[in-house]
Amino acid sequence: MDDLWLYAGQLLEGAWVTVQLALSSLLVGLALGLVLAAGSLSGRALLRRAVRLCTGLLRGIPEFLIVLVCYFGLSNLINNHFDGAVEISPFAAGVFALSIVFAAYASEVFRGSFAAIPRGQIEAAQAFGLTSTQTFFAVRLPQAWRIALPSLGNLWQSLLKDTSLVSVVGLEDLLKKSNMAAQATHQPFLFFLAAAAVYFVFLHASQPVFAWLERRAGRGFEARAA
Amino acid sequence: MNFAPIEAWLELPADSVLEAWEGLVITLQLLCGSVLLAFALALPLALAATSGKAWPARLARGYNAAFRGTPLLVQLFILYYGVSQFEAVRHSPAWWLLEDAFYCGLLALSLNLAAYMAEDLRAGILAVPLGEKEAALAMGMSPFQCYRWIVLPAAWRIATPALGNEVIAQLKATALVSTITVLDLTGVARRLSNASYTTDALVMAGVVYAAITLVVVLAVRRIERRFGPAGRR
């Protein structure tokens, strides 16, 4: 047990990297997911099909493989075309890989939630003279957000667990740090169990946040739910 | 099988297609094996969770929360690298199972998937209208008969789409066993990719995974039509 205290600082550093990685991927993934959802709802058949094919492919390939391809592929690409002038950090590659996976799933969620908004509301907004930008930010997005939140909460949980995959490409996240501690002390069981406990706490700590977001987004809908 | 002509035609290193084929077989074995084992474990877990008895329900809920609340990769590491720390485990009869990376990976994948499937089945069992159960008991069925012929078939129909999604997710989860030295499709792709200093093998493996996903999706859709709610046939 003494070893656990000795390496507690290292584990916390790793946990902080995990949190940063998860939150950055969440933000990039949400933005990218919205763009992809717009593409898959576009009136242009070619664009719509291309986007749906891409998101379908991304959802059919193991996340782990995507992380590997992004890390090794991006560094190869930069080495070959930019003469190695730019060093790709494992963190950037990790955020890229995790956020495209998140975006592929989130785009499906957003597609469903934008489609669930009654057509009449958009017509009403137009009749009031709102521009399409105003309609998007005042009518469509807030409602799609409310409908999408429960599914996005599930995606967030998967994302947080998937951050552990980047430890394989060398990013010193929570799992990598516990792996290093496990090898140094020959106590793999203790340190991997500690890592599992931290992931467990993170997942359960994020649940009240989503519950609050859902309550907030659902203002004015409580009466109907009851 | 002889893959030499294909390798020569695609200008790939010798035996690379053979290796990839063997990796694919291992991936499919892991997928089918873990789905069957997980379902066998998920059913008692779901029954325990819905039994209404405090301790079995608590145990099942704890199991599900533990396996759903932590990354599969960590579970794999605990099972493969972690438990070998203990002398007692290395001398136990179960050691042959944990020593072998394939069986260890299969065990971790099954234990993990069982937790997800148990939640789906639990939701299915809870969604069966109480009246159906009461009617079965009123007709003189024993509790076992009631579950065997009324509750479980209805729960299975309700849970099929969710279970199908778990199977699709499981195919992608099997890729993680390459981290504990199993040469599944991803493991072989990683080795070929390291040998050639390119990501071609990884990309090709991705295409193969996408193709298998498509096949599984179509198969699940067929099963859903076969067992799904009557109105959707």
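The structure presented is a predicted model; accordingly, all values stated were derived computationally and were not measured.

Caption draft 1: Representation of the overall build of chain A within the structure. Counting its secondary structure elements, chain A contains 10 helices and 0 strands. Counting from the amino terminus, helix and strand elements in chain A follow one another as α-α-α-α-α-α-α-α-α-α. A principal-axis box enclosing the C-alpha atoms of chain A has dimensions of 70 × 50 × 25 Å. Within chain A, the fraction of its 226 residues that count as buried is 38%. For chain A, contacts bridging at least 24 residues in sequence account for 76% of all contacts bridging at least 6.

Caption draft 2: Expanded view of the overall build of chain B. Counting its secondary structure elements, chain B contains 11 helices and 0 strands. Along the chain direction, N to C, the helices and strands of chain B fall in the order α-α-α-α-α-α-α-α-α-α-α. For chain B, the spread of C-alpha atoms along the three principal axes comes to 70 × 50 × 30 Å. Among the 233 residues that make up chain B, the fraction classed as buried is 37%. Pairs at least 24 residues apart make up 71% of the contacts formed inside chain B by residues separated by at least 6 positions.

Caption draft 3: Broad picture of helix α4 (residues 72-82) of chain B. Across the 11 residues of α4(B), 9 count as buried, placing the element largely inside the fold. All of the buried residues along α4(B) are Leu72(B), Leu73(B), Val74(B), Gln75(B), Leu76(B), Phe77(B), Leu79(B), Tyr80(B) and Gly82(B). Taken together, the buried residues of α4(B) touch α8 (174-185) and α9 (188-217) of chain A together with α3 (54-68), α6 (95-99), α7 (101-127) and α9 (143-173) of chain B.

Caption draft 4: Layout of the nonpolar core. Counting 110 residues, the largest nonpolar core has Leu65(A) and Ala118(B) as its most contacted members. Beyond its immediate chain neighbours, meaning those up to four positions away, Ala118(B) contacts Ala42(B), Leu45(B), Ala46(B), Ala49(B), Ala60(B) and Asn64(B).

Caption draft 5: Here's a closer look at the environment of Gln121(A). For Gln121(A), the position within the fold is in helix α6 (residues 119-127). Along the primary structure Gln121(A) and Val139(A) are separated by 18 residues, whereas in three dimensions their C-alpha atoms are 7.7 Å apart.

Caption draft 6: Looking closely at the packing of helix α2 (residues 8-40) of chain A against helix α7 (residues 132-162) of chain A. Residue and element names in this part refer to chain A. Where α2 contacts α7, the axes come no closer than 9 Å and their chain directions differ by 135°. As summarised for this structure, α2 and α7 are arranged oblique, according to the angle between their axes. The two elements α2 and α7 meet at a crossing, and its hand is right-handed. Judged by residue contacts, Ala22, Ser25 and Leu26 of α2 engage Trp156, Leu159 and Leu160 from α7.

Caption draft 7: Broad picture of the packing of α7(A) against α9(A). Residues and elements named next belong to chain A. Direction vectors running N to C along α7 and α9 enclose 170°, while the axes themselves pass 10 Å from each other. The pairing of α7 with α9 is recorded here as roughly antiparallel in orientation. Where α7 abuts α9, its residues Trp145, Arg146, Leu149, Pro150, Gly153, Trp156, Gln157, Leu160 and Lys161 lie against Tyr199, Phe202, Leu203, Ser206, Phe210, Leu213, Glu214 and Ala217. Considered class by class, the residues forming the contact of α7 with α9 number 11 nonpolar, 3 polar and 3 charged.

Caption draft 8: Focus on unusual backbone geometry. All names here are of chain B. Unlike most non-glycine residues, Thr181 shows phi in positive territory, near 75°. Looking at the element boundaries, Thr181 is found in the loop between α9 and α10 (185-196). Assessed through the 12 C-beta atoms surrounding it within 10 Å, Thr181 is described here as exposed. Even without being glycine, Tyr197 reaches a positive phi, approximately 60°. The class for Tyr197 is exposed, based on 9 C-beta atoms found within 10 Å.

Caption draft 9: A look at the confidence of the model for chain B. Counting all residues, the mean pLDDT for chain B is 89, and 93% of those residues have values of 70 or more. Mean pLDDT values for the elements of chain B range from 69 in helix α1 (residues 4-10) of chain B up to 95 in α7(B).

Caption draft 10: Structural context of the interface of chain B and chain A. Listed as interface residues are 28 residues of chain B and, on the opposing side, 29 residues of chain A. Breaking the side of chain B that touches chain A down by element, the ones donating at least two residues are α4, α10 and α11 (200-227) of chain B. Split by residue class, the side of chain B that touches chain A holds 15 nonpolar, 11 polar and 2 charged.

Caption draft 11: Focus on the confidence of the model for chain A. Mean pLDDT over chain A stands at 89; residues scoring 70 or higher make up 95%. For chain A, per-element mean pLDDT is lowest for helix α10 (residues 222-225) of chain A, which scores 57, and highest for α2(A), which scores 94.

Caption draft 12: Here's a closer look at α3(B). Residues and elements named next belong to chain B. In this model α3 runs 21 Å from its N-terminal to its C-terminal C-alpha over 15 residues, within 8% of the 21 Å that 1.5 Å per residue would give. Within α3, burial applies to Ala60, Asn64 and Phe67. Each buried residue of α3 lies within a common arc of 80° when the element is viewed along its axis, so the set occupies one face. Residues of α3 that are exposed and point over 90 degrees away from its buried face: Ala54, Trp55, Arg58 and Gly62. Elements in contact with the buried residues of α3: α2 (16-49), α4 and α7.

Caption draft 13: Highlighting the environment of Leu111(B). Positionally, Leu111(B) belongs in helix α7. C-alpha separation for the pair Leu111(B) and Leu72(B), spaced 39 residues apart in sequence, amounts to 9.8 Å.

Cut-off values and rules
Residues numbered from 1 in each chain as written. Chains lettered and ligands numbered in written order. Predicted model: local features only at pLDDT ≥ 70, side-chain atom pairs only at ≥ 80, totals over all residues. Helix = DSSP H or I, 4+ residues; strand = E, 2+ residues; numbered from the N terminus. Buried ≥ 20, exposed ≤ 12 C-beta atoms within 10 Å, placed from the backbone. Contact = placed C-beta atoms within 7 Å. Core = buried A, V, L, I, M, F, W, Y, C linked by C-beta atoms within 7 Å. Axes fitted to C-alpha atoms, helices over the stretch in contact; angles between N-to-C directions. Parallel < 35°, antiparallel > 145°, perpendicular 65-115°, else oblique. Left-handed = near helix turned anticlockwise from the far one by under 90°. Nonpolar A, V, L, I, M, F, W, Y, C, P; charged D, E, K, R; others polar. pLDDT = per-residue confidence, 0-100. Expected span 1.5 Å × (residues − 1). Arc of directions from axis to C-beta.

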